[in-house]
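Below, each chain spelled out in residue letters.
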Amino acid sequence: MLVHLRLTVPAALTDDVVELLADDDRTANLTLCRGASISPEGDLVECDVARELAGEVIGRLKQLGLHESGGIVVTTPTSTPFAAARRLGDVAPGDPDDAVIWDMVVEQCWAASRPTVSYHLFFVLATLLAAIAVITDSAVLVIGAMVVGPEFGTVAAIATGLVLRQPRLARRAVSVLAWGVVVSVAVVTVLALVAGLTGLVTEEMVTRARPQTGFIWHPDRWSFIVALIAGAAGVLAMTTSRANAMVGVFISVTTIPAVGNLALALGVWAPSEIRGSATQLAVNISGMVLAGMAVLVLQRLLWVPALTASQKLFARSQRPVR
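Residues numbered from 1 in each chain as written. Predicted model: local features only at pLDDT ≥ 70, side-chain atom pairs only at ≥ 80, totals over all residues. Heavy atoms only, no water.

- Looking up the chain in an unreviewed UniProt entry gives the name DUF389 domain-containing protein, with the organism given as Nocardioides oleivorans.

And the structure:
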């Protein structure tokens, strides 16, 4: 598996960048177009890199200062049916499915931690679905709320910021997640109050026995275990680019339903369910963050041998030819 690097390089750095990339054991399809870049002024360099070595290559490009004076764009080709790609896969250390490109992970987390209008809209809509699921005791609507929920990216960003020692990222993710919960709870609580005044929703609808959705506000040891598994699965999917719809459903199950139940309980004023939902939400988020941190630490430890091997490849490529 390869990743494609598209680099805009100031002329003063071009020779150093090309020398770094001109290694048969790390790259393929290296191209140079001098003077092709207008802003910033300079050259255009492109190449394909084995995914296992991409993080180390990007790190060395950043050591040259390219991320400050030029540009680094990373894309993943959908298919690479040529011999050099297979050769790079054979030579590169480790397995591409296990490789983590940490710069890409950090960028994903920053993107997920933006307080956008669409983020809050999805959060509110997911909370509304979860609240209706509580009223109707519908497991199907709970699944719908899980699918719509946008919150896991911020949970993963908190774990990433803590493990990679980026406190600004962690603080912003906490802020975005907190505001997402507050805004959604406020909106759905107001709607629940209006629905209560019109007789559409009653306290009995919320507090009655709910076989399909009662788990939403009953935190127990299994709640924490599910949160740990969900957090681990979600972070692993994010870092290895294996996220899919089912993972999205699974990792949302522990957050959005609790938020919806909390808002509805506030609207009809059911103190026991307010406490239970808030506790469930706290248990779920803390469990996901802890599991996410554990997965990230484990990935960094397991990938050390591969990084060491890639550094040996680099050192070998720098030896003078005799």
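Once the structure has been displayed, the description carries forward.
### A closer look at helix H6 (residues 117-136)
Here comes step 1: The first and last C-alpha atoms of H6 sit 29 Å apart over 20 residues, in line with the 28 Å expected at 1.5 Å per residue.
Here comes step 2: By the burial criterion, the buried members of H6 are Tyr-119, His-120, Phe-123, Val-124, Ala-126, Thr-127, Ala-130, Ala-131, Ala-133, Val-134 and Ile-135.
Here comes step 3: Where H6 is buried, its residues meet helix H7 (139-148), helix H8 (152-163), helix H9 (167-197), helix H10 (203-207) and helix H13 (256-268).
Here comes step 4: Following H6 by one or two positions, Asp-137 has its phi on the positive side, about 55 degrees. (Helix = DSSP H or I, 4+ residues; strand = E, 2+ residues; numbered from the N terminus. Expected span 1.5 Å × (residues − 1). Buried < 20%, exposed > 50% of the residue type's maximum accessible area, 1.4 Å probe, protein only. Contact = heavy atoms within 4.5 Å.)

### Quick notes on the environment of Ser-113
Here comes step 1: Within the fold, Ser-113 resides in the loop between helix H5 (102-112) and H6.
Here comes step 2: Among residues more than four places away in sequence, those in contact with Ser-113 are Thr-154, Ala-157, Leu-169, Arg-172, Ala-173 and Val-176.

### Overview of the side chain of Thr-8
Here comes step 1: Examined against the element boundaries, Thr-8 turns out to sit in strand S1 (residues 2-9).
Here comes step 2: Relative accessible area serves as the criterion here: at 14%, Thr-8 is assigned to the buried category.
Here comes step 3: A distance of 2.9 Å separates a polar atom in the side chain of Thr-8 from the backbone nitrogen of Gly-71. (Polar contact = N/O pair within 3.5 Å; in protein donor to acceptor, adjacent residues only side chain to side chain.)

### Considerations on the sheet that holds S1
Here comes step 1: Taken in spatial order, the four strands make up an open sheet running S2-S3-S1-S4, and their pairing is antiparallel. A single partner strand is all that each edge strand has here, and the edge strands are strand S2 (27-37) and strand S4 (71-75). Sheet twist, expressed as the average angle between the axes of neighbouring strands with direction ignored, equals 15 degrees.
Here comes step 2: Pairing of S2 with strand S3 (residues 42-50), which is carried by six bridges, proceeds in the antiparallel orientation. Opposite Leu-32, over in S3, you have Val-45 as the bridge partner.
Here comes step 3: Contacting S1, S2 and S3, helix H4 (residues 83-91) crosses the sheet at an angle of about 115 degrees to S2. (Pairing = 2+ DSSP bridges. Axes fitted to C-alpha atoms, helices over the stretch in contact; angles between N-to-C directions.)

### Brief notes about the UniProt feature "transmembrane region" (unreviewed entry) in the chain
Here comes step 1: Under the UniProt annotation, "transmembrane region" (unreviewed entry) lies at residues 117-135, 141-164, 176-201, 221-238, 245-269 and 281-303.
Here comes step 2: The span residues 117-135 is 100% helical and 0% strand by assignment, and the distance between its end C-alpha atoms comes to 27 Å.
Here comes step 3: Taken as a whole, residues 176-201 contains 85% helix and 0% strand, while its terminal C-alpha atoms sit 30 Å from one another. (UniProt positions renumbered as here; feature names shortened; annotations may be inferred.)

### What to know about unusual backbone geometry
Here comes step 1: Cis geometry marks the peptide bond from Ser-39 to Pro-40; its omega dihedral reads 0 degrees.
Here comes step 2: By the element assignment, Pro-40 lies in the loop between S2 and S3.
Here comes step 3: Located in the positive-phi region is Asn-29, a residue other than glycine, with phi close to 55 degrees.
Here comes step 4: For Asn-29, a relative accessible area of 44% corresponds to the partly exposed category.
Here comes step 5: In this structure, Asp-137 takes a positive phi of about 55 degrees despite not being glycine.
Here comes step 6: Inspection of the secondary structure puts Asp-137 in the loop between H6 and H7.
Here comes step 7: Given a relative accessible area of 15%, Asp-137 falls into the buried group.

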